[in-house]
Amino acid sequence: MQFRNIQLPASQTGVDFGVELVGCDLENLTEEQFKEIEKAVYTHQVLVIRNQSHVSPETQYKLTKRFDPEVDTYGHGTSHQSKKSVIARDLSPLPGVPQVQLLGHGTVHNHHGIEERKLNHPSHRSFHQTQLSEEDEKAGKTRFYRWHMDAALYELNPPLITTLFAVQTPEHRRELVVYDDGSDQSMDVQLGTTAFISGAHAFDILSPEMKDLAFRTQVKYAAHPYLWISKARAHSTGLGIVSEGRELPKEELPPIKEEAIKIYPMLWKNPVTGKIHLQVHPCAVEDLIIDGKPVGDLNKVRELLYQIQRPAINPENILAHEWEDGDMVIFHNRGVLHSVVGSLRDDDKRIYHQCNLASAKEPEAPSEEDRKPYILAH
Ligand SMILES: [Fe+2]
């Protein structure tokens, strides 16, 4: 096995993460090889292993579990199967290995115990406040659908890693991601790419004032977050929700268990490199707690968070993976954010398997020692 750099366009000056592994067969992995892979995932955040078309869903599940052997529940538990959840429409568990989810676009037949399923690649049309015109989409313009980590963010802790496996990729035509936020930014990508940003880089590029603030801030996620935002609409950049008062009121949500509500630090410590990652799922946030005091105003919370996170998704910071059939990508789900991308046509076909497991461990906060170099005099 050998690691090598991912070839990226010269424009990607902010991408200091991602690595490719060659000479690896995931169906025949020794313990020593697994340990190398595990270390590489936490060190480089995104690990690409090509030519794994022969890998079964069972093997993908076992590989995923090896990173967190004590747990066995899919990252979203079963909450994502609730019809109204914004997650439900994108994922179908495989009958034989329910922790592995089938996702993609087009109709699949006789697929690992699924007789027939019509898959839909998530489209910004069902989620963003504003939409591209049909002409623009036909001409190959698209958007980042939703920047996120894979996590229930209620009751269950975020998975450590996610494995994403390309069974069949669509035609490799190019698309142009547009930000449509007045910035004039855009990015050339492969149709159906997965876009990643590094939480460590997102932290690095914050101003000293914002770093200091981030250390003092905890993030409170909403109860049943994906139901809560099921009628809400996102920014044109896919980075969080526009405040329009469309969140479901508590009475319309299932009963809330206070102890299941998740409050995490804004910054998480990488277990291998010790680096500090800015790690927030912007859509699911209900409040920020700064110096122990809740902000208590959703509009303000989102504005502040957007200001903190927006630089991280500048085009130069994005690793847009160029998928090939048989690619297994393992990413550090607690160290990156990622987004679905692409406007697929009716006759495009995309078949993927995804697996992650809700961890028993909470994310680790940076220590007081880690914080010291960043404290500003107040
Ligand atoms: Fe995801």
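Below, the structure is looked at part by part.

Rules used in this analysis
Residues numbered from 1 in each chain as written. Predicted model: local features only at pLDDT ≥ 70, side-chain atom pairs only at ≥ 80, totals over all residues. Heavy atoms only, no water. Buried < 20%, exposed > 50% of the residue type's maximum accessible area, 1.4 Å probe, protein only. Helix = DSSP H or I, 4+ residues; strand = E, 2+ residues; numbered from the N terminus. Pairing = 2+ DSSP bridges. Expected span 1.5 Å × (residues − 1). Contact = heavy atoms within 4.5 Å. 1 Å grid on protein atoms, 1.4 Å probe; cavity = no way out; pocket = protein on both sides within 12 Å on 5 of 7 lines; lining within 4 Å. Points joined across faces, edges and corners; volume = space filled by probe spheres on them. Nonpolar A, V, L, I, M, F, W, Y, C, P; charged D, E, K, R; others polar. Core = buried A, V, L, I, M, F, W, Y, C linked by side-chain atoms within 4.5 Å. Donors = N, O, S within 2.8 Å, 3.2 Å for Na, K, Ca; no water. Salt bridge = Lys/Arg side-chain N within 4 Å of Asp/Glu carboxyl O.

**Observations concerning the pairing of strand E16 (residues 285–290)**
Then, number 1: Most of E16 sits out of view: six of its six residues are buried.
Then, number 2: Bridge count for strand E12 (residues 217–221) against E16 is five bridges, and the pairing is antiparallel. Its bridge partner lying in E16, Tyr221 is registered against Val285.
Then, number 3: Bridge count for E16 against strand E17 (residues 293–294) is two bridges, and the pairing is antiparallel. Bridging across to E17, Ile289 finds its partner in Pro294.

**Here we look at helix H1 (residues 31–44)**
Then, number 1: The end-to-end C-alpha separation of H1 is 20 Å, in line with the 20 Å expected for 14 residues at 1.5 Å each.
Then, number 2: For H1, the set of buried residues is Phe34, Ile37, Glu38, Ala40, Val41 and Tyr42.
Then, number 3: If you follow the buried residues of H1, they end up packed against strand E1 (2–4), strand E2 (19–22), strand E3 (46–49), helix H2 (57–66), strand E8 (161–168) and strand E19 (328–332).
Then, number 4: In the stretch just after H1, Gln45 is the one whose phi turns positive, near 75°.

**Description of the layout of surface pockets**
Then, number 1: Estimates place the volume of the largest pocket at around 580 Å³.
Then, number 2: Taken together, 30 residues line the largest pocket, and the ones lying closest to its centre are His105, His121, Ser123, Ser343 and Leu344.
Then, number 3: At the level of secondary structure, the elements contributing two or more residues to the lining of the largest pocket comprise strand E5 (100–111), strand E6 (114–119), helix H3 (134–138) and strand E9 (174–178).
Then, number 4: It is E5 that contributes the most residues to the lining of the largest pocket, four residues altogether.
Then, number 5: Residue composition of the lining of the largest pocket, by class: seven nonpolar, ten polar and 13 charged.

**Here we look at the nonpolar core**
Then, number 1: The biggest cluster of nonpolar side chains holds 73 residues, and the ones touching the most others in it are Val46, Phe144, Trp147, Tyr221, Met266 and Ile318.
Then, number 2: Residues within four places of Phe144 in sequence aside, it is in contact with His128, Val177, Tyr179, Met187, Ala195, Thr237, Gly238, Ile318, Ser339, Val340 and Val341.
Then, number 3: The next biggest cluster of nonpolar side chains, apart from the first, holds 19 residues, and it includes Leu29, Phe34, Ile37 and Val41.

**So, the sheet that holds E16**
Then, number 1: Taken together, four strands build an open sheet; the order of strands is E13-E12-E16-E17 and the sheet is antiparallel. Looking at strand neighbours, the two that pair on one side only are strand E13 (263–265) and E17, the edges of this open sheet.

**So, empty space enclosed by the protein**
A probe as big as a water molecule, rolled over the atoms, marks out the empty space that is left.
Then, number 1: Evaluated as defined, the whole model comprises four cavities of 30 Å³ or more.
Then, number 2: Of the voids in this model, the largest cavity is the one considered here, and its volume is about 380 Å³.
Then, number 3: As for the largest cavity, its lining consists of 28 residues, and the residues nearest its centre are Leu91, His148, Asp150, Val340 and Gln354.
Then, number 4: Counted by class, the lining of the largest cavity contains 13 nonpolar, eleven polar and four charged residues.
Then, number 5: Taken together, His235, Leu239, Gly240, Ile241, Pro282, Arg302, Leu305, Tyr306 and Gln309 make up the lining of the second largest cavity.

**Structural notes on the coordination of the iron ion**
Put simply, a metal with four donors set out as a tetrahedron has ideal angles of 109.5 degrees, and one with six donors set out as an octahedron has ideal angles of 90 or 180 degrees.
Then, number 1: Donor atoms from the polypeptide that coordinate the iron ion comprise His148 (NE2), Asp150 (OD) and His338 (NE2), at 2.1 to 2.2 Å from the metal.
Then, number 2: For Asp150, a relative accessible area of 6% puts it in the buried group.

**With respect to the pattern of salt bridges**
Then, number 1: Enumeration over the complete set of coordinates arrives at 24 salt bridges.
Then, number 2: Between Arg50 and Glu20 there is a salt bridge, with the nearest N and O atoms lying 3.8 Å from each other. You can see Arg50 sitting in the loop between E3 and H2 and its partner Glu20 sitting in strand E2, a full 30 residues away along the chain.
Then, number 3: The exposure class of Arg50 is partly exposed, given its relative accessible area of 23%.
Then, number 4: Look at the salt bridges and you will find they share partners, linking Arg4, Glu20, Arg50 and Asp327 into a network.

**Thoughts on H2**
Then, number 1: For H2, the complete set of buried residues consists of Pro57, Thr59, Gln60, Tyr61, Leu63 and Thr64.
Then, number 2: Tucked inside the fold, the buried residues of H2 contact H1, E5, E8, E19 and strand E21 (350–355).

**Topic: unusual backbone geometry**
Backbone phi values are negative for most residues with the exception of glycine, while trans is the configuration of most peptide bonds.
Then, number 1: A positive phi angle, close to 60°, is found at Asn51, a residue other than glycine.
Then, number 2: Tracing the sequence through the fold places Asn51 in the loop between E3 and H2.
Then, number 3: One non-glycine residue, His224, adopts positive backbone phi at about 45°.
Then, number 4: Its location among the elements puts His224 in the loop between E12 and helix H6 (225–228).
Then, number 5: Using a relative accessible area of 15% as the deciding quantity, one classes His224 as buried.

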